[in-house]
Amino acid sequence: MNIIWLQGVTCNGNTHSFLNHPHLATLLDHFTLIHHPVLPCAHTLRAVMEKDLPCDILIIEGAIQDNLNRADHDVLGRIIHYAAKANHIIAAGTCASFGGIHRQIDPEHIGGLVFQGDESSGPLMAYRDKIINLPGCPIHPEWLANVLLSLRENRTPKTDALLRPLSLYAYLVHNGCLRNEYFEWKVDAKHFGTKEGCLYYEQGCQAPYTHGSCNKILWNGVSSKTRAGTPCLGCTEPTFPKRNLFETLTHMSIPATMPEGIPKRTYLTVSGVAKSFHIKRLESPLIPKKSDA
Amino acid sequence: MIRKEIVERIEGEARVDYEIEEDKIAFAQISFPHFRGMERILEGAPAHDALMITPRICGICGHAHLMAAVRAIESAYAAAGSPIFITPKAHALREITLYLELVQNHIKWFYLTVIPALQPLCTETLPKTSGAFAPVALSNRILALFAGQAPHSAYAIPGGVTCDPSELEQNQALGMLEELEKLLVSDLLGTNIAAYMEIQNLEALTALSGDFSYIINEMEKNGLQGIGQSHDRFLVLGEHTLVSPAKITHTTLRMVDNDKVSEDDTNTFAKGGFTYGKNALYKGMFFETGPMARAMARLDPLIKNIHRRHKDALITRIAARVHETVLLITEIRRLLRSLDLEQESFRAPMPISRLSAEGVGIVEAPRGPLIHRVKLKSGIIERYDIITPTQWNLAHGTRENPGPAQRALMGANPHHSDIIFRSFDVCSVCTTH
Amino acid sequence: MARPSNKERKTSIMKQALELFSKEGFYSTTMPQIAKKVGMSVGNFYNYFNSKETLAKELIRYISGILGEEMRTINESKANYKDKIHAVVTMYFEMATKRPEMIQYFLRVYLSNREVFEDGCEGMVCVSDFVTEIMIFFEEGVRCGELRDQDFYSAFGLFMGYLGGMAFLNGEKILPHALKSYRDSIAMNIYNALRTYP
Ligand code: SF4
Ligand code: SF4
């Protein structure tokens, strides 16, 4: 299968994230890279722009901007050319999927392939059926590898309304976080830099309403933001990036955004009760430090 | 004659118009055609958002941006009379992860940029580019043990770091580092680290059997060792465990004063010019930055030995980068071992909403000094200015006073233009953030 | 006449117990006294509540349920926050006038004898029906921009402390006028204290 990887407005983060795949060479054995921005490939960007090269899978990284030129050619025009030929189109990362960070700069002229934020529109609407969105800022290498392997087996992944494969995005990032027990019993992280406590109440963790498998298929095979004590920034969602991401938006101390699908009344009843109990184990350090004594 | 070229397979895209006279490059006009406007989206945002947004300026050196952003905000705290003292542990962790990003950058550059550009000029078949994959993934994996993920971590925050590693992560990191060393020893260096560290001159280096010496030997065999000399002026601005700020002209080391750094936008589209890249200058002069500059500032015996023979030529530039990779790994190990896990990861500073001040954060990124300047009002960003390393190296001057890369290209054989240009590890996405 | 169901029996016991507790206090009221008041043998009475503590906890849940219900109706109404606050004050004062034992129980037994409620009624557990609705009340007030964002307890304390204080003064017969007559001014005070300022 022939792959062409093209870039819109991007930081190259998806390209570099993909390079972290643990079995990259083996994975790539199954495909022919007609063009890739960094990896060894058959053709230059100029050739992709000027010739009509084979393309079964078109991968787009970065947001689409009107009048963006690369190698002296209009990028969007060439994307449309290859989109018509390709059997599948993958939006690699949040920018290509929804516009992401780069859309903030000029929402009028910069956006995703078929989504502008969560609104369904965009320059590739005619090819919507072929599109698979793999948001994430950056994309997780294994998510991309997984979809490529499905396509190679002629399986088209089932997707959600935002065209994200369910096998990867049906989960919430919250699922599998090591701090889940603290979430259940409403034990907040006292501050950053702790192993203990949940980051939902004060540090702005977006994971309870962010779809993705960051805590199932770990990043770089070993960790995730929440495992490293960083709040999830919600980068797989069309709302990314929100503002003030290291603080929970609260209304009178109550988180303004409820965990996905949980009615506020239900959540507050359960959490109010859970918070009433003081559970010594959860309030103690996991590994005491001398300074804790 | 003018030869117009679009350079791809760098971070982003650059355009070079070569003026060729009598089979030599007389001048090169370098421009960066893309612009994104990352500084603008920071204006009006809460300060901490810089930790999320600025790493996304660049997929390969985003971690350096994170470090510059956090240093900038912390320096604003100090300017406001409320200095932040992070623990030695938090400091060491930040250095470790920054160094790991440098390591993966250098390996990518060597295998994915330098080797393909050298191949057409060499008689022998050069090592495979896929040599980069395993060490790169491994470096980023160690980085993620502390920073949660790579690229685009946001684990450094004013007051420290968000992670609180235990012996588990410390040991995992040391174990993986050993693995990484093994890979580098068998492929890149061809000798063990201790033996490599003994090497002090070019002869001993070329006697090794790894990809590094293979490339150096090929360059010598094909007469490429002396090409690409530039101004022989170097600048280091970031303070780290491995290097301190210095200005080096030929071989004289001087202290630097950050106030002497300036930006020049006369060539930009905004001023009727031809590029989005702004020039970075020190005392109004162009300087080369990055691993070679750092080696000169560190008085590194091996690189100084090569420099003595070839000045700031291509060979020195390439050797300095690969050599730095090894030093970084040794330093990462030392820092990992030294971590005192009893120390706090984070100390809460004064609430940022009370902070109105200006700050500057300087970091030695893979390609040289990265500068973030921030102006905060009640914790909200009023102004954000970024100067990236490529703005130094790829600065655009005149024939009389060319930028470092221009100077390196001038007088060169046109066939050598590509490798000379790429030896500066051009990052267009950073330059035109 | 059909025999009253178990649940009805329990409710009737709670009503009577409420009166006794709020008048006599928790410790001075005995189980036989309550049994007598509901016309039950002491042995049978224990089938419904196996201890005074259990009864006390059930009672606070019962009151919180009733107040929660009322608050929920207000929360779900379409009124603005000025009117909603007025509605809460009205509801509370009516309760304090028509069924003073409920409010008195809350103030005199629940708040004054915390040791009784330690086990099983920690924190908000037994008053969660009511507190949940109060949380929703405040959260939505901030969300729609009518109430000022602040710490939950600083708003909660102001609101409930104020109302509780008035009910207490009323119970002690210290107030010169009927509780009802303070309604409008108190609602206005609370609204002014909590609302957003342009
Ligand atoms: S830190 Fe975030 S992901 Fe982890 S349990 Fe809390 S809310 Fe969920
Ligand atoms: S944890 Fe959240 S912010 Fe981080 S990569 Fe996953 S979805 Fe994005």
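Relevant structure appears above.
Residues numbered from 1 in each chain as written. Chains lettered and ligands numbered in written order. Predicted model: local features only at pLDDT ≥ 70, side-chain atom pairs only at ≥ 80, totals over all residues. Heavy atoms only, no water.

K.L.:
Help me understand the overall build of chain C, please; the structure alone is not making it clear to me.
P.N.:
Within chain C one finds 10 helices and zero strands. Relative to its length of 198 residues, chain C is compact, with a C-alpha radius of gyration of 18 Å against a globular reference of 16 Å. The dimensions of chain C, computed from C-alpha atoms along their principal axes, are 65 × 40 × 35 Å. In chain C, once contacts between residues fewer than 6 apart in sequence are set aside, the share between residues at least 24 apart is 70%. Just so you have it, chain C exposes about 10000 Å², and 53% of that area is on carbon and sulfur atoms. On chain C, the mean spot of the 25 positive side-chain charges and the mean spot of the 24 negative ones are 6 Å from each other. (Helix = DSSP H or I, 4+ residues; strand = E, 2+ residues; numbered from the N terminus. Rg over C-alpha atoms; globule rule 2.2 N^0.38 Å. Contact = heavy atoms within 4.5 Å. Areas by Shrake-Rupley, 256 points an atom, 1.4 Å probe, with all protein chains shown as cover. Lys, Arg positive; Asp, Glu negative; His and termini not counted. Charge placed at Lys NZ, Arg CZ, Asp CG, Glu CD.)

K.L.:
Where do I start with the state of the cysteines in this structure?
P.N.:
Defined simply, a disulfide is a covalent bond joining two cysteines at their sulfur atoms. Tallied over the full model, the rule gives one disulfide over all chains. At a sulfur-sulfur separation of 1.8 Å, the disulfide partner of Cys121(C) is Cys126(C). The sign of the -95° torsion about the S-S bond sets the Cys121(C)-Cys126(C) disulfide as left-handed. Residue class for Cys126(C) comes out buried when judged on its relative accessible area of 2%. The thiol of Cys137(A) is unpaired, and the distance to the nearest cysteine sulfur, on Cys95(A), comes to 5.7 Å. (Disulfide = S-S within 2.5 Å. Buried < 20%, exposed > 50% of the residue type's maximum accessible area, 1.4 Å probe, protein only.)

K.L.:
Would you take a moment to explain the packing of helix H1 (residues 6–24) of chain C against helix H2 (residues 31–38) of chain C for this structure?
P.N.:
A pair of packed helices is captured by two measures, namely the crossing angle of their axes and the spacing between those axes. Residues and elements named next belong to chain C. One can describe the packing of H1 onto H2 by two numbers: an axis separation of 9 Å at closest approach and a directional angle of 125°. Here H1 lies oblique to H2, going by the angle between them. As H1 packs across H2, the resulting crossing turns out to be right-handed. Here Ser 12, Ile 13, Gln 16, Ala 17, Glu 19, Leu 20 and Phe 21 of H1 come into contact with H2, specifically with Gln 33, Ile 34, Lys 37 and Val 38. Looking at side-chain class alone, the contact of H1 with H2 contains six nonpolar, three polar and two charged residues. (Axes fitted to C-alpha atoms, helices over the stretch in contact; angles between N-to-C directions. Parallel < 35°, antiparallel > 145°, perpendicular 65-115°, else oblique. Left-handed = near helix turned anticlockwise from the far one by under 90°. Nonpolar A, V, L, I, M, F, W, Y, C, P; charged D, E, K, R; others polar.)

K.L.:
Hey, could you run me through the interface of chain A and chain C in this one?
P.N.:
Of the residues lining the interface, 15 residues belong to chain A; the matching set on chain C comes to 24 residues. Carbon and sulfur atoms make up 62% of the surface buried where chain A meets chain C, a total of about 1700 Å² over both sides. If you sort the residues of chain A by the area they bury against chain C, His251(A), Met252(A) and Arg265(A) come out on top, with a joint share of 44%. Counting across the interface, chain A meets chain C through four salt bridges. In this assembly, chain A and chain C are joined by nine residue pairs in polar contact (both at pLDDT 80 or more). For the side of chain A that touches chain C, the secondary structure elements donating two or more residues are strand S12 (250–251), strand S13 (254–255) and helix H10 (264–276) of chain A. The greatest single-element share of the side of chain A that touches chain C, amounting to seven residues, is contributed by H10(A). Here the side of chain A that touches chain C is composed, by residue class, of seven nonpolar, six polar and two charged. (Buried area = accessible area lost by both parts, 1.4 Å probe. Salt bridge = Lys/Arg side-chain N within 4 Å of Asp/Glu carboxyl O. Polar contact = N/O pair within 3.5 Å; in protein donor to acceptor, adjacent residues only side chain to side chain.)

K.L.:
Explain the site of ligand 2 here, please?
P.N.:
In the vicinity of ligand 2, the contacting residues are Val173(A), Thr210(A), Cys214(A), Trp219(A), Lys225(A), Cys232(A), Leu233(A), Gly234(A), Cys235(A), Thr236(A) and Gln149(B). Residues near ligand 2 are shared among chains A and B, making this a multi-chain site. Here the shell around ligand 2 is composed, by residue class, of six nonpolar, four polar and one charged. (Near = heavy atom within 4 Å.)

K.L.:
Would you explain the site of ligand 1 in this entry?
P.N.:
The full set of residues close to ligand 1 is His174(A), Cys177(A), Arg179(A), Asn180(A), Phe183(A), Cys198(A), Leu199(A), Tyr200(A), Cys205(A), Ala207(A), Pro208(A) and Thr226(A). Considered class by class, the residues forming the shell around ligand 1 number eight nonpolar, three polar and one charged.

K.L.:
In this structure, what is going on with the pattern of salt bridges? I would like to understand it.
P.N.:
As a working rule, side chains carrying opposite charge can pair if their charged atoms are close by. Counting across every chain of the model gives 45 salt bridges over all chains. For Glu153(A), the salt bridge identified is with Arg152(A), shortest N-O distance 3.1 Å. By relative accessible area, Arg152(A) is classed as partly exposed at 32%. Between Arg183(C) and Asp184(C) there is a salt bridge; the shortest N-O distance is 3.4 Å. Sharing partners across several salt bridges, the network here consists of Arg46(A), Glu50(A), Asp72(A) and Arg15(B).

K.L.:
I would appreciate a short explanation of the side chain of Asn305(B) in the present structure.
P.N.:
Residues and elements named next belong to chain B. Along the chain, the position of Asn 305 falls in helix H11 (residues 301–310). The class of Asn 305 is buried, set by a relative accessible area of 11%. Residue contacts for Asn 305: discarding those within four places in its chain leaves Gln 200, Asn 201 and Leu 202.

K.L.:
What's the story with the pairing of strand S12 (residues 368–377) of chain B in this structure? I'm lost.
P.N.:
Successive residues of a regular strand alternate their side chains across the two faces of the sheet. Residue and element names in this part refer to chain B. Summarising burial for S12: seven of the 10 residues are buried, a large majority. Bridge analysis of strand S11 (residues 357–365) against S12 gives nine bridges, and the strand direction is antiparallel. The residue bridging Val 363 from the neighbouring strand is Leu 370, located in S12. In this antiparallel pair of consecutive strands, S11 and S12, the connection spans two residues. In terms of strand pairing, S12 meets strand S13 (residues 380–387) through seven bridges, oriented antiparallel. (Pairing = 2+ DSSP bridges.)

K.L.:
What exactly am I supposed to notice about the interface of chain A and chain B here?
P.N.:
Contacts between the two partners involve 61 residues from chain A, matched on the other side by 62 residues from chain B. Of the roughly 4900 Å² buried between chain A and chain B, counting both surfaces, carbon and sulfur atoms make up 57%. On the chain A side of the contact with chain B, Ile105(A), Arg243(A) and Phe246(A) bury the most area, a combined 12% of that side's loss. Connecting chain A to chain B are four salt bridges. Between Arg243(A) and Asp49(B) there is a salt bridge, with the nearest N and O atoms lying 3.9 Å from each other. Only helix H1 (13–19), helix H2 (24–29), helix H3 (45–50), strand S5 (69–70) and helix H6 (100–103) of chain A provide two or more residues apiece to the side of chain A that touches chain B. No other element matches the four residues that H1(A) contributes to the side of chain A that touches chain B.

K.L.:
Looking at this structure, I do not really get the nonpolar core. What am I missing?
P.N.:
Note on soluble globular proteins: their nonpolar side chains tend to be buried together. Residues Tyr155(B), Leu205(B) and Phe421(B) are the most contacted members of the largest nonpolar core, which totals 186 residues. Looking at which element gives the most residues to this core, the answer is helix H4 (residues 88–118) of chain B, with 18 residues. In terms of nonpolar packing, the next biggest core, distinct from the first, is built from 84 residues, Tyr200(A), Ile74(C), Phe130(C) and Val142(C) among them. (Core = buried A, V, L, I, M, F, W, Y, C linked by side-chain atoms within 4.5 Å.)

K.L.:
Is there a simple way to think about helix H9 (residues 211–221) of chain B in this case?
P.N.:
Quick reminder: α-helices carry 3.6 residues per turn. Residues three or four places apart thus point the same way. Residue and element names in this part refer to chain B. Considered for burial, the residues of H9 that qualify are Asp 211, Phe 212, Ser 213, Ile 215, Ile 216, Glu 218 and Met 219. Close packing links the buried residues of H9 with H4, helix H6 (167–189), helix H7 (193–198), helix H8 (202–206) and helix H12 (314–338). Phi turns positive one or two residues past the end of H9, at Gly 223, with a value near 65°.

K.L.:
Sorry, what's going on with the sheet that holds strand S6 (residues 233–236) of chain B here?
P.N.:
Sheets are built from strands paired through backbone hydrogen bonds, the pairs being either parallel or antiparallel. Residue and element names in this part refer to chain B. What the three strands build is an open sheet, ordered S6-S7-S8; its pairing is antiparallel. Strand pairing shows two members of the sheet lacking a second neighbour, S6 and strand S8 (252–254), which therefore form its edges. Each strand axis lies, on average, 15° off the axis of its neighbour in the sheet, ignoring direction. The pairing of strand S7 (residues 246–249) with S8 spans three bridges and is antiparallel. Looking at the pairing, Thr 249 lines up with Thr 252 of S8.

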